[in-house]
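Here's the letter readout for the chains.
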Amino acid sequence: MKGKIGIQMIVGALLLLCLIQTVAATTTIVVAAADASPASKAAAQIVCPGTNDQAWINEAFNRLPAEGGVVQLTEGTFHSSGWIYPTANSQFLGSGEDKTTIDVFNAADPYQPIHVQKDNVLIKGFTLRGEGFFLIRTNHVTIQDITATSIGADGIRKPSGGNGMFFIWVDNANTGEITFQNCKAIDCNTHGFNMNANRNTDSINTRTGTGSYAISNLKFINCQAIRCGYGVANGSSSEFATGFDIQEDNDLQNVELTNCLAEDNWENGFHFEPGYLGTKNVVLNNCVSRNNGQRNPATEPYNDVFVSGYYIHRNAVLNNCVAINNKNAGFFTHDGSNTVFNSCVDIGSTYGFKIVKGSSTITLNDCQARNNKAWAFWSAFSEKVTLKNFFQANAGGKNGYQSNLGFYYGSPTYEFSTKDSSFDITAYGSSLPIINQAGSGNTYSLNSAASDRLPAVTDIKAATVPPVPVTGYSATTQGATQVSQQVAAAPVAVVTAAPAAATASTASDGWGGFGKSFGFSSSGFGSFGSGSSFQSGGFNTIGVAVSSSQSFIASVGSSWGGFGGRSFGF
């Protein structure tokens with residue numbers, strides 16, 4: 001027995017030693033910006049020239065072995081005009097959002113993403129400017145500590161070719177295990193975050209097709225979307241631009257948003273498409289959505305716009321979420337089912353809670369609507385709606401009531417009352433009747449309060465875009481820029497010719513002509529920890545074969561983004 005235990009201990013120790021050696025041997029390629037400090041350039045394997053820097057960043061990824069590694073960017077500004085392709089099992093790290101900037105501009109085509117199509121990728125620690133955005137089409141991706149903005153390093157807001165600054169496109173059955181943490185989309189010409197799917201398989205703008213379109217196990221932690229969308233007249237690619245567009249043509253399974261902020265977006269703060277889509281287990285915790293739709297010139301009855309705080313419908317739970325001063329509704333459910341609002345508060349939106357158009361089994365527990373310009377609560381053409389301990393304060397009211405059942409702008413399709421529902425409402429601060437008791441099968445417990453009940457609400461401070469880093473150095477002041485160099489004790493082949501840059505076309509098939517083959521298997525790291533986990537070595541102790549002739553052609557569909565004519569009436 002003792003001998004057996006001894007053998008097991010030896011085997012365990014050997015396995016641990018192998019693991020330690022594997023981590024220690026992780027390949028790191030340092031890429032320096034043209035304006036990086038002399039010390040950073042001296043420590044880098046690749047030094048960018050300051051134009052078409054994406055070619056050198058891609059060269060760094062091409063130097064990594066199949067088991068993965070780290071591409072580390074120094075301080076400074078990298079100027080890109082094409083696609084960047086993180087490889088499988090890789091980490092793409094900046095030196096901090098305030099220290100590293102990737103500035104993207106291509107006068108011929110604004111569709112210039114960081115394209116994540118290989119599994120097990122961590123991206124962290126820089127600011128992405130101009131026409132750049134993240135395009136994700138795979139599994140096991142973490143994007144952390146990133147600011148993305150359409151404002152270029154020159155201070156000019158650039159066109160957006162992508163559907164969102166953080167964009168997940170589902171065109172395969174394996175899209176999920178994706179986390180955004182401390183990511184910010186600020187001053188953008190498109191959605192801040194956008195999830196969509198390739199359902200348009202039979203005809204343009206027709207949602208058809210078979211197969212899996214689900215994004216599963218999706219997380220947003222401490223993320224923000226601020227001033228996303230400016231209208232077509234002011235440079236945006238579409239009138240429909242939201243902060244968090246979590247669901248368009250994609251299904252959802254296991255989605256969590258925690259401590260996220262949507263502020264001053266052209267359309268909704270948080271948007272989920274209603275209707276036929278498959279949605280399972282969506283949870284929002286302690287989120288804030290304020291001032292959305294206020295810059296949008298749309299006016300009531302908002303037939304073709306949303307302009308609300310939360311537009312959310314099916315199989316969802318919202319805990320302690322706050323809506324403030326949104327143009328239409330704070331919380332808007334359309335054709336919803338099995339959705340619960342717990343301790344949610346609206347302050348100052350035109351309508352506090354709007355539950356309409358075929359909704360069923362919607363529950364509000366301990367929620368409040370305060371200082372609404374019109375109705376605190378509004379429901380029409382719905383059933384099995386339950387309000388428990390609902391408090392409405394200082395409702396402006398409309399049509400003679402603080403809250404309303406049944407009205408829908410005279411629409412013969414949707415102007416029907418809510419039935420088989422329960423309304424436990426306490427009102428304060430208005431002399432109008434609490435609610436019109438319309439509909440069949442409803443029960444009411446209506447009370448007036450002598451004093452206000454001020455709620456404890458979540459507050460999230462809006463982030464700002466870090467300034468473009470000023471290093472005090474440039475390629476000109478430091479002499480000729482080295483395109484590649486060798487670091488002491490790190491044998492890496494020297495590249496003498498520039499790597500081929502990505503080219504783009506305007507073909508309608510977004511990836512039909514995609515010709516770059518990474519050739520790496522997806523069975524590398526299961527998941528990544530912090531960005532610093534693999535950086536302690538710095539030197540490459542494993543020889544890396546380098547080919548200076550690797551080239552790729554990407555056929556870019558700049559015209560397919562999103563689906564067009566939205567036929568719903570709201």
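To be clear, the structure that these remarks concern was listed above.
Model, not experiment: these values are computed from the prediction.

**Here we look at the overall build of the protein**
When helices and strands are tallied, the protein shows three helices and 35 strands. When burial is assessed residue by residue, the protein has 55% of its 570 residues classed as buried. Long-range pairs, those at least 24 residues apart, make up 69% of the contacts in the protein with a sequence separation of at least 6. As presented, the protein carries roughly 21,100 Å² of accessible surface, and 53% of it is formed by carbon and sulfur atoms.

**Description of the sheet that holds strand S9 (residues 132-136)**
On the basis of which strands lie adjacent, the open sheet formed by eleven strands has the order S7-S9-S11-S13-S16-S19-S22-S25-S28-S31-S33 and parallel pairing. Of all the strands in the sheet, the pair left with one neighbour each is strand S7 (112-116) and strand S33 (404-405). The sheet contact formed by strand S28 (residues 351-356) and strand S31 (residues 377-380) spans four bridges and is parallel. Paired with Val 356 across the two strands is Ala 380, which belongs to S31.

**Looking at the pairing of strand S12 (residues 176-188)**
Most of S12 sits inside the fold, with ten of its 13 residues counted as buried. As paired elements, strand S10 (residues 139-148) and S12 share eight bridges and run parallel to each other. The partner of Ile 143 across the bridge, within S12, is Phe 180. Looking at chain direction, S12 and strand S14 (residues 214-221) are connected through five bridges and run parallel. Counted as the bridge partner of Gln 181 is Ile 221 from S14. Here four bridges tie S12 to strand S15 (residues 224-228), and the two strands are oriented parallel to one another. If you follow Lys 184 over to S15, its bridge partner there is Gln 224.

**Quick word on the nonpolar core**
One finds Phe 180 and Phe 220 to be the most contacted residues of the largest nonpolar core, which totals 92 residues. With five residues, S12 is the largest single contributor of residues to this core. With residues up to four places along the chain from it excluded, the contact list for Phe 180 reads Ile 136, Ile 143, Phe 166, Ile 168, Phe 193, Met 195, Leu 218, Lys 219, Phe 220, Ile 221 and Cys 223. In this structure, Phe 240, Ala 329, Tyr 351 and Trp 378 belong to the second largest nonpolar core, which totals twelve residues.

**A look at the pairing of S10**
Along S10, eight of the ten residues are buried, which leaves the element largely enclosed by surrounding structure. Strand direction decides the pairing type here: strand S8 (residues 121-130) and S10, joined by seven bridges, are parallel. By the bridge assignment for S10, Thr 127 is matched with Thr 147.

**Focus on helix H3 (residues 53-63)**
Burial runs high along H3: eleven of the eleven residues are buried. Buried within H3 are the following residues: Asp 53, Gln 54, Ala 55, Trp 56, Ile 57, Asn 58, Glu 59, Ala 60, Phe 61, Asn 62 and Arg 63. Looking at the packing, one finds that the buried side of H3 touches strand S1 (27-32), strand S2 (46-47), strand S3 (69-73), strand S4 (76-80) and strand S5 (90-93).

**A short note on the packing of aromatic side chains**
All chains considered together, the criterion is met by 40 aromatic pairs. Their ring planes at 10 degrees and their centres at 4.7 Å tell us that Phe 166 and Phe 193 sit as a pair that is stacked. Linking Phe 166 in strand S11 (residues 164-170) with Phe 193 in strand S13 (residues 191-197), this pair joins segments that are 27 residues apart in sequence. With a relative accessible area of 0%, Phe 166 lands in the buried category. Aromatic pair Phe 193 and Phe 244: ring centres 4.7 Å apart, planes at 0 degrees, arrangement stacked. Taken together, the residues span a long stretch of sequence, with Phe 193 in strand S13 and Phe 244 in strand S16 (residues 244-247) at a distance of 51 residues. Just as Phe 193 is buried, Phe 244 falls in that class too.

Scoring rules and cut-offs
- Residues numbered from 1 in each chain as written.
- Predicted model: local features only at pLDDT ≥ 70, side-chain atom pairs only at ≥ 80, totals over all residues.
- Heavy atoms only, no water.
- Helix = DSSP H or I, 4+ residues; strand = E, 2+ residues; numbered from the N terminus.
- Buried < 20%, exposed > 50% of the residue type's maximum accessible area, 1.4 Å probe, protein only.
- Contact = heavy atoms within 4.5 Å.
- Areas by Shrake-Rupley, 256 points an atom, 1.4 Å probe, with all protein chains shown as cover.
- Pairing = 2+ DSSP bridges.
- Core = buried A, V, L, I, M, F, W, Y, C linked by side-chain atoms within 4.5 Å.
- Phe/Tyr/Trp six-rings, centres within 6.5 Å; stacked < 30°, edge-to-face > 60°.

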